[in-house]
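Single-letter residue listing:
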Amino acid sequence: SVPPRAPEPKRPRYAPAELTETVAKSNRGIQQAASPVAMTVSVAKSAPQPSRRPRRVLTESSQNLGNETGTTWLDSDRDASHLSVTITQSKNRAQVSRRPRQVRAEGNRTAGKENSSLYLDSDRETSNVSAGGRRPKGVAQQPRKARQAPGGKAAASEQQKEASNLFEAVKLAKSAMQTLVDEWLEVYKLDREAGLLELFNFIIHCCGCKGVVTSQMFRKLQNAEIIRKMTEEFDEDSGDYPLSMASPMWRKFRQNFCEFIAVLIRQCQYTVLYDEYMVDTLISLLTGLSDSQVRAFRHTSTLAAMKLMTALVDVALNLNVHQENLQRQYDTERNKAAGKRANDRLEMLLQKRKELQQNQEEIENMMNAIFKGVFVHRYRDLIAEIRALCMEEIGVWMKRYSDSFLNDSYLKYVGWMLHDKQREVRLKCLKSLQRLYESRDISPKLELFTNRFKDRMVSMVLDVDYDVAVEAVRLLTLIFQNADDVLSNEECECVYPLVFASHRPTAAAAGNFVHMKLRRHYDVEHEETMAKERGKRSVNGEFIKLLLTFFLESELHEHCAYLVDSLWDHAGPVLKDWEGMTELLLEEIGEDEEGLTDQEESALIELMVCSMRQAVEGHPPIGRTSGKKLLTAKERKQQMDDRVRLSEHLIVVIPQLLAKYSADAEKVANLLLIPSFFDLDIYCSRRLEKYLDLLLKQIRDIVEKHTEKDVLEACSRAYYTLCNEDYTIRNRVDIARSQIVDTLVEIFTQSVEELLHEVGETDEDNLYTVATSLKRITALYNAHDLTRWDLFDSCCRVLERGIDTGEIPEQIIIQALLCAHFHILWRLAVISEYPATKEQLIRLRKQRKTVFAVCQHSLSNASTRVREQSFVLLCDLLVIFSAQLTKDGREELQPLVFTADLPLVSELLSFVMDHVFVEPEEDGDDESLKIEMLHKRRNFLAGFCKLIIYNMVDLRSAADIFKNYMKYYGDYGDIIKEMLAKARLIDKIECAKTLLLSLQQLFNELLQDHGSAVNRSSHNFCTIKDLGKRFALTFGLDLIKSRQPVVSLHLDGIKFAFQEYQPSAVASAPINLPFLDVLSEFSTKLLRQDKKAVLTYLDKTFPAPLTAIIEAWMPLASYRRSLLTRGEDDTMSMISGRATSVRSKRAPATSAKRRKLEVSAVSSDGSWPQSAGSLQIHGKLRTPMLTSTILRPPQWDTGSLQSSDDQDSEKGSDSEFTNSQSWLASQQNKRQSQRIQKNQQQKNQLRKRVKKQQLLSLMEEDGEESEGGEMISDATSERSDTNSEISLPAPLSRRGRAGMLQDLFDSSILDIDDF
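Residues numbered from 1 in each chain as written. Predicted model: local features only at pLDDT ≥ 70, side-chain atom pairs only at ≥ 80, totals over all residues. Heavy atoms only, no water.

Colleague: Pulling in residues and values, what's your account of the overall build of the protein chain?
Modeller: Within the protein chain, the regular secondary structure consists of 54 helices and zero strands. Of all 1315 residues assigned to the protein chain, the portion counted as buried reaches 51%. If you take every contact in the protein chain between residues at least 6 apart in sequence, the share linking residues at least 24 apart comes to 76%. As presented, the protein chain carries roughly 65600 Å² of accessible surface, and 49% of it is formed by carbon and sulfur atoms. (Helix = DSSP H or I, 4+ residues; strand = E, 2+ residues; numbered from the N terminus. Buried < 20%, exposed > 50% of the residue type's maximum accessible area, 1.4 Å probe, protein only. Contact = heavy atoms within 4.5 Å. Areas by Shrake-Rupley, 256 points an atom, 1.4 Å probe, with all protein chains shown as cover.)

Rendered as structure tokens:
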């Protein structure tokens, strides 16, 4: 027996106590713990130190290294990408190829027999997890069986078990990664080949491959050959592998896998890392796997290589720290006096420094091999996830080891990938750059890169992906913050508009950028000094002015709420500095001081109101979503505190602000919104009732002073807020409100009496008094119940006077209509809440009737504003007083229900056609005016569509709206489409007929404009066809649901096309016949059996004349062909929702001669048969190739076959004309074909029996049953005619669905004969 050989002595680890302490202090964030296994390896003092060998760099470019000799050393001056080959052949050393193998094979095997590693017994662990978890004290560890050099299946099984143990241990993470690595290192030190083989299989297993690398393969095969064998054993059917799975377990595995590689390198950094075997072989394997065409291999190996590179970067950093400490110790010792200097210590330090430099070179060579062998090829991989992985890791390297990686040679890859098409790659690039630019020490080193790729980074703020845009804005913020004068003003202006973006994360990132930009121009210390000198409490005055300047220069003054929301996360304390804002508004300006301009004051008031709303309500403005559904307890408490602080300050200040700006309507309207944010309990709890009286006095003065609608509505809203029944101040506010209403009603009543009793010319002053008082009353009536003042009669008298004489101005009529409208609504609200008497119902019904009559009469008023207001009121009242009024147990309100009659509906529809569907040129050139008018017209259309949706107006009245669907699709397409969807839920058939009616109306208009001769290729006719095609698309893909509506549409369309048509031998084509071209657009929505039924109805009801002009009857031929073509129902119209084909696997063979006879003898009762003579006359028609192997049904004749064959030609081709000729010729021989049919009845009956038997055989083979009805089943072979018509039976095997199947394929349920 051969005695076991001791392991080769390794280089001793020099880590003195003082050196270790220095490293621990200087290397922050990186803990380099010495491996406990490494400490077990000791070298005797007398043992000679192993000679330092140059590093041998291995490459796989040489394929026959075993047959060559010599040594090639790595030239440090050469490019690192051209890796050289190192070969050493000696009698005492094994032969080395691309991967070192058979190193001390005998000694390792012997040592493997005598040594054991600490692994759990697989019989005791169901998950086969390798030993790494901590065991309780007193529990002995089960030793792993001695490693041998097994062969065959036993070896593969053993190695697969070991790899599975390590894989399961990493996946489940039952023990610490450091424990797993330490156990693996013990195995590796006992037998390097066995340990590395286990690591190989672990990586292969992590790729999702079930293959196993055996010892024999490891010794004899190159890496490329091993990878090829593993590729053959890889199961690529599923396409899933551990890194591609998104479940929590596999996401955790990814983290554990990365951690395992990092810990492995950290534990090997003092011994095994420099043995010229383990890392070389591992890098060689990962490089080969990264070039594989298998995605799992490529992805997993790239991840492992990148994490290995990151771990090596940490080792290189640790070596740098060691070198710096040694250099410092050497300098200290050398600077000592000659008598105190220790030369042996200097020599030891020099030796250590030299060894560390050699280690540093080796680590850099390893990193260079990984970078050139893996990264350079995989950063542009086809898979976006691999590219993103490379970009993420290179950012880590540049951040941690900036001395080596932070240069243009590495930065260029990140800059190039900023143009990647995939969002995750661009995202990783931006995040990697963010880690670099966030450091003030690194930012100056990126000057060249910034100048090269700055334009791209600026343009990415408008990226199509929101996440990328957010990260781009954050990157520019870091650049602006840490790199001075890099971004120009023009480049900063690309970010400013994003504060008004609808996407809140993007807007918030842009808000942070704007906040940083404004802070750059703001000196905090100077402002604090100035505030103390002036006696101000706020130091944010100058910053608020800067913010106002930015807001005004943005020219988006209507979107202040979006600006506040964007800045809220970063400038919240400034935006909540309401004391500073009110100080600026109430500040008394001296002669030499410059205060706020009028525009800045308006902007500041709006900014203050928006910030109050944001603080109290806590939700973003309309169009933005914060992503938070519920507020936390801390956020709710913050809202309450802000509301209390706001109320305490503004309750005292708001009367002063209203008094100062009472003459400015815009400012007052915004200031009157502030009371809605108050905590009204503070009025009583803080005893601030006097400020409430001042506020009510100011509101009354504003009501009496202003007539603007916005101001009056703001006053009404303020009264409504303060009159809340939950607060004790309600009585005080109610008294003040009643006083102002009494005054206004008294003025209005007197003025109306004078106006109604005037004779001759009306007094202008009296008209103005009536108009202003009525406008104020109407504004209050909108939010407050003023029915006790009984203004309805006075308003009706004014309306009657205006209708009779036309002397009342439109402003008074509009306000009187609104006042009467609010009156009946408040009456209805009271009656609905409390039991009503009969007298109250009668009175309200009479008042409702009066309002409806006046509004209907006003639809024809000369004033456009009066007509528009009347239309809006009528639409609202029809909804309010509809049949839904009696729901929820309110049957006593039945007398109040109102149903629109036909004249009223006609007038409403006429208003829509005259005021909605108009050309945009009528609005002028002002863009803002165009937008406002479009918004108004959309409201008009939505009001009328609402009546149709709620079934208050006949659905057919929507035909005039549907016919404008395509013409005004850009303006009203969404409204009309929604109405169509809702209308289809009400009545599918009636909705389909309404669509047909709209097409008929357009066709009649075309006839009136161009006469009876309709050009089928004209633009107007093609527009009608396009509209029909769009309507057909609205029926969807489920033809079963839309079966009856589509059939009824076809039948009504056929009747319209043949309107006033009398069949005769010399009859001319109907005038509406071209409408069949429009109707053919809906043929694709018919089921197969319905097409035949519609075709039968067409031929039976409207037979074509025997002699006719071919061109005039062309639409009929085109429509018939659309009914004969193969439709969508062949693949989509199954009840089960999926198409199935019935193919007989055991169908009896039919001779070609028999099939030919059967097909040639076919005739149809409901089709247009074609005689043999017609086939001989028209030579242009080509006989279709009958290559199908199925038994064709008797309904198929040669005419239908020819029609089917003509489908290969496009519209307008000669085949269409020829087909129409053949069809017309067939009509002349119709009598002959009838005689032929009589002679073939017996053959048809016989063939029907054969067909039925074949169908039954097919159904028996598939295990399907069917009852009732005749089902035609055709099964096609691979060579069947593509133009043939194929009917697929539904795969129903349950007897309970037989009735449904019968209804589906039975055209009699459509009641076509009844039409």
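Colleague: Quick one: what's the story with helix 5 (residues 177-190), residue by residue and with numbers?
Modeller: With 14 residues, helix 5 should reach 20 Å at 1.5 Å per residue; the first-to-last C-alpha distance of 20 Å fits that figure. Regarding helix 5, the residues found buried are Met-177, Leu-180, Val-181, Asp-182, Glu-183, Trp-184, Leu-185, Val-187 and Tyr-188. (Expected span 1.5 Å × (residues − 1).)

Colleague: Explain the packing of aromatic side chains to me, using residue names and the numbers behind them.
Modeller: Scanning all chains against the criterion turns up 39 aromatic pairs. Judged by centre distance (6.1 Å) and plane angle (80°), the ring pair of Phe-1003 and Phe-1056 falls under edge-to-face. Of this pair, Phe-1003 sits in helix 41 (residues 988-1010) while Phe-1056 sits in helix 43 (residues 1043-1057); the two residues are 53 residues apart in sequence, bridging distant segments of the chain. A single burial state applies to Phe-1003 and to Phe-1056, both of which are buried. One aromatic cluster is present, formed by Phe-371, Phe-375, Tyr-379, Trp-397, Tyr-401, Phe-405, Tyr-410, Tyr-413 and Trp-416 through successive ring pairs. Positioned over the ring face of Tyr-330 is Arg-353, at 5.3 Å from the centre of the ring. Geometry around Phe-453 places Arg-452 over its ring, the cationic atom sitting 4.5 Å from the centre. (Phe/Tyr/Trp six-rings, centres within 6.5 Å; stacked < 30°, edge-to-face > 60°. Lys NZ or Arg CZ within 6 Å of the ring centre and 35° of its normal.)

Colleague: With reference to specific residues and values, describe helix 10 (residues 278-290).
Modeller: Its 13 residues give helix 10 an end-to-end C-alpha distance of 18 Å, which sits within 8% of 18 Å, the value for a rise of 1.5 Å per residue. Counted residue by residue, helix 10 has 13 buried out of 13 residues, so it is predominantly covered.

Colleague: Any chance you could break down the packing of helix 20 (residues 504-520) against helix 23 (residues 560-575) for me, citing the residues and the numbers?
Modeller: In contact at an axis separation of 6 Å, helix 20 and helix 23 are set at 40° when each is read in the N-to-C sense. As far as their axial angle goes, helix 23 and helix 20 are oblique. Contacts between helix 20 and helix 23 pair Arg-504, Ala-507, Ala-508, Gly-511, Asn-512, Val-514, His-515 and Arg-519 from the former with Asp-565, Ser-566, Leu-567, Asp-569, His-570, Ala-571 and Val-574 from the latter. Its residues assigned to classes, the contact of helix 20 with helix 23 comprises six nonpolar, five polar and four charged. (Axes fitted to C-alpha atoms, helices over the stretch in contact; angles between N-to-C directions. Parallel < 35°, antiparallel > 145°, perpendicular 65-115°, else oblique. Nonpolar A, V, L, I, M, F, W, Y, C, P; charged D, E, K, R; others polar.)

Colleague: Account for the side chain of Thr-886, with residues named and values stated.
Modeller: Along the chain, Thr-886 falls in the loop between helix 36 (864-880) and helix 37 (902-915). Non-local contacts of Thr-886, meaning those with residues more than four positions away in its chain, are made with Glu-891, Leu-893, Gln-894 and Val-897.

Colleague: Run through unusual backbone geometry, naming residues and quoting values.
Modeller: In this structure, Arg-687 is a non-glycine residue whose phi angle is positive, near 55°. Tracing the backbone shows Arg-687 in the loop between helix 28 (681-685) and helix 29 (689-705). Here Arg-687 falls in the exposed class, since its relative accessible area comes to 71%. Positive phi outside glycine occurs at Asp-790, with the angle close to 50°. As for its position among the elements, Asp-790 is in the loop between helix 32 (764-781) and helix 33 (792-805).

Colleague: Can you tell me about the confidence of the model for the protein chain, naming the residues and giving the values?
Modeller: Summary statistics for the protein chain give a mean pLDDT of 76 and a share of 70% for residues scoring 70 or more. At the low end of the mean pLDDT range in the protein chain sits helix 49 (residues 1172-1177), at 31; at the high end sits helix 16 (residues 423-437), at 96. pLDDT under 50 marks residues 1-152. Its contacts with residues more than four places away, or in other chains, come to 244 contacts. Here residues 1250-1315 scores under 50 on pLDDT; set against residues more than four positions off or in separate chains, the count is 134 contacts. (pLDDT = per-residue confidence, 0-100.)

Colleague: Give me the lowdown on a negative patch on the surface, citing residues and values where you can.
Modeller: Together, Glu-754, Glu-761, Asp-763, Glu-764 and Asp-765 make up a region of like negative charge exposed at the surface. Position of Asp-765 relative to the elements: it lies in helix 32. (Patch = residues over 30% accessible without salt bridge, like charges linked within 9 Å, V, L, I, M, F, W, Y side chains within 5 Å. Salt bridge = Lys/Arg side-chain N within 4 Å of Asp/Glu carboxyl O. Lys, Arg positive; Asp, Glu negative; His and termini not counted. Charge placed at Lys NZ, Arg CZ, Asp CG, Glu CD.)

Colleague: Could you give me a rundown of the pattern of salt bridges, with the residues and numbers involved?
Modeller: Scanning all chains against the criterion turns up 52 salt bridges. Measuring nitrogen to oxygen at the nearest pair gives 2.5 Å for the salt bridge that ties Asp-598 to Lys-667. One end of the pair, Asp-598, is in helix 25 (residues 598-617); the other, Lys-667, is in helix 27 (residues 665-671), and 69 residues separate them in sequence. A relative accessible area of 48% means that Asp-598 is categorised as partly exposed. In this structure, a network of salt bridges that share partners links the residues Asp-291, Arg-298, Arg-378 and Asp-381.

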